[in-house]
Amino acid sequence: MADTPPFTPPFTPPFTHRPVDPVGDLDLLHGWVTQERARFWGMTDHTRDEVGEVYAYLDSLGTHHAYLVHEHRADTVPVAVFQTYEPEHDPVGEAYDVQPGDLGVHLFVGPGERRPGFTGSLARYLLGVVLEDPSVRRIVVEPDVLNERSVARFRREGFEVGPVVDLGHKTAQLAFLPRPR
């Protein structure tokens, strides 16, 4: 009898995501975005109700979407907030020449201990999710220029650095990731 390979269970990605529930996720979101480490997210001084209003507003839009990302270990742990938006329906769209198929993204990694390579793995998962949509031709990011870690992360993931632009509430470093050919 020929040797048979050992049983290998189907691959399960280490992350999943679901839409943010503006009511059910509010305590978690408020706890995350009001920490000093979240200063670039722009809500450190928001009350619980104000954070709820922001996410309820996002939930009401057809052009902006917020997701809670979970990592799967021994249990399922929320680890990040991921947002997508259509730049032509966002103030960033006034700061650069929006192209058909552009999709903007924001990523906030929640607090917690992380293994080496965690953020890169998370970013690649989310970029893959976005690029599952064939209409997305280019991913756009606009981190605050002072958020050196975020700017460096996007460069490591292959984003092409664009212009620095004034968005009123922040000075942003635009960067673009064209769809791989």
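That block above? That's the structure.
Residues numbered from 1 in each chain as written. Predicted model: local features only at pLDDT ≥ 70, side-chain atom pairs only at ≥ 80, totals over all residues. Heavy atoms only, no water.

1. Description of the sheet that holds strand β5 (residues 138-141)
The condition is simple: The pairing criterion is simple: DSSP has to find at least two bridges between the two strands. Secondary structure counts use DSSP, requiring at least four H or I residues in a row for a helix and at least two E residues in a row for a strand, with both numbered from the N terminus. Axis definition: a line fitted to C-alpha atoms, limited for helices to the stretch in contact. Angles are taken between N-to-C directions and run from 0 to 180 degrees.
The mixed open sheet is built from 7 strands, whose spatial order is β1-β2-β3-β4-β5-β7-β6. The open sheet has two free edges, formed respectively by β1 (15-19) and β6 (160-166), since each of these has just one partner strand. Strand-to-strand twist of the sheet, defined as the mean angle between neighbouring strand axes without regard to direction, takes the value 30 degrees. Note: β5 against strand β7 (residues 171-178), 4 bridges, orientation antiparallel.

2. Considerations on the packing of helix α1 (residues 26-33) against helix α2 (residues 48-60)
Heads up, the rule is: Comment on the angle field: the value is read as roughly parallel under 35 degrees, roughly antiparallel over 145, roughly perpendicular from 65 to 115, and oblique elsewhere. In this analysis, two residues are considered to be in contact whenever any of their non-hydrogen atoms come within 4.5 Å of each other. Only Asp, Glu, Lys and Arg are considered charged, only Ala, Val, Leu, Ile, Met, Phe, Trp, Tyr, Cys and Pro nonpolar, and every remaining residue, Gly among them, polar.
Running from amino to carboxyl end, α1 crosses α2 at an angle of 110 degrees, the nearest separation of the two axes being 9 Å. Of the possible angle classes, the one that applies to α1 and α2 is roughly perpendicular. Along the contact surface, α1 presents Leu 26, Asp 27, Leu 29, His 30 and Val 33, while α2 presents Arg 48, Val 51, Gly 52 and Tyr 55. When its residues are assigned to classes, the contact of α1 with α2 shows 5 nonpolar, 2 polar and 2 charged.

3. Topic: the nonpolar core
Convention followed: Buried residues of nine kinds, namely Ala, Val, Leu, Ile, Met, Phe, Trp, Tyr and Cys, make up a nonpolar core once their side-chain atoms join them within 4.5 Å. We call a residue buried when its accessible area falls under 20% of the maximum for its residue type, exposed when it is over 50%, and partly exposed in between, using a 1.4 Å probe and counting protein chains only.
Counting residues in hydrophobic clusters, the biggest one holds 24 residues, and the most contacted among them are Val 69, Leu 122, Ile 139 and Phe 159. Looking at this core, the elements that each hand over two or more residues are β2 (64-72), β3 (76-85), β4 (102-109), α3 (118-131), β5 and β7. Residue contacts for Val 69: discarding those within four places in its chain leaves Phe 15, Thr 16, His 17, Val 77, Pro 78, Val 79, Ala 80, Phe 82, Leu 122 and Leu 126. Formed by 15 residues, the second largest nonpolar core is a distinct cluster that contains Val 20, Ala 38, Ala 66 and Val 81.

4. Considering the pattern of salt bridges
Two side chains that carry opposite charge are able to pair once their charged atoms sit near each other. Note the threshold: Between Lys or Arg on one side and Asp or Glu on the other, a salt bridge is scored when a side-chain nitrogen of the former is within 4 Å of a carboxyl oxygen of the latter.
Going through the model one piece at a time under the given rule, you end up with 8 salt bridges. Of the charged contacts in the structure, one is a salt bridge between Asp 25 and Arg 18, with a shortest N-O distance of 2.9 Å. For Asp 25, a relative accessible area of 8% puts it in the buried group. Salt-bridge contacts for Arg 153 lead to Glu 157; the nearest nitrogen and oxygen are separated by 2.7 Å. Taken as a pair, Arg 153 and Glu 157 share a single burial class, namely buried. One continuous salt-bridge network, built from bridges that share partners, spans Arg 124, Arg 153 and Glu 157.

5. What to know about the layout of surface pockets
Rule in force here: A 1.4 Å probe that fits into a set of points on a 1 Å grid over the protein atoms alone but cannot get out defines a cavity; an open set with protein on both sides within 12 Å along at least five of seven lines defines a pocket, and lining residues are those with an atom within 4 Å of a point. Grid points are joined across faces, edges and corners, and a volume is the space filled by probe spheres set on the points.
One number sums up the size of the second largest pocket: a volume of about 170 Å³. Lining the second largest pocket are 13 residues, with His 65, Tyr 67, Thr 84, Leu 103 and Val 130 positioned closest to its centre. Elements that contribute at least two residues to the lining of the second largest pocket include exactly β2, β3 and α3. Here the lining of the second largest pocket takes 3 residues from α3, the largest share from any one element. Looking at the lining of the second largest pocket residue by residue, the classes come out as 7 nonpolar, 4 polar and 2 charged.

6. Digging into the pairing of β5
The cut-off we apply is this: Every crossover in which the path from the first strand over the helix to the second runs clockwise, viewed with the strands pointing away from the viewer, is termed right-handed.
In β5, alternate side chains face the same way, and those of Arg 138 and Val 140 on one face and Ile 139 and Val 141 on the other are all buried. Bridge count for β4 against β5 is 3 bridges, and the pairing is parallel. Note on β5: the bridge partner recorded for Leu 103 is Ile 139. Handedness of the crossover is the feature at issue here: the chain leaves β4, passes through α3, returns alongside β5, and the resulting connection is right-handed.

7. Notes on empty space enclosed by the protein
Inspection of every chain in the model, using the stated rule, returns 1 cavity of 30 Å³ or more. What the largest cavity holds in volume is close to 50 Å³. As for the largest cavity, its lining consists of Phe 82, Val 105, Leu 107, Ala 123, Leu 126, Leu 127 and Phe 154. Those elements that place two or more of their residues in the lining of the largest cavity are β4 and α3. Looking at the lining of the largest cavity, its residues break down into 7 nonpolar, no polar and no charged.

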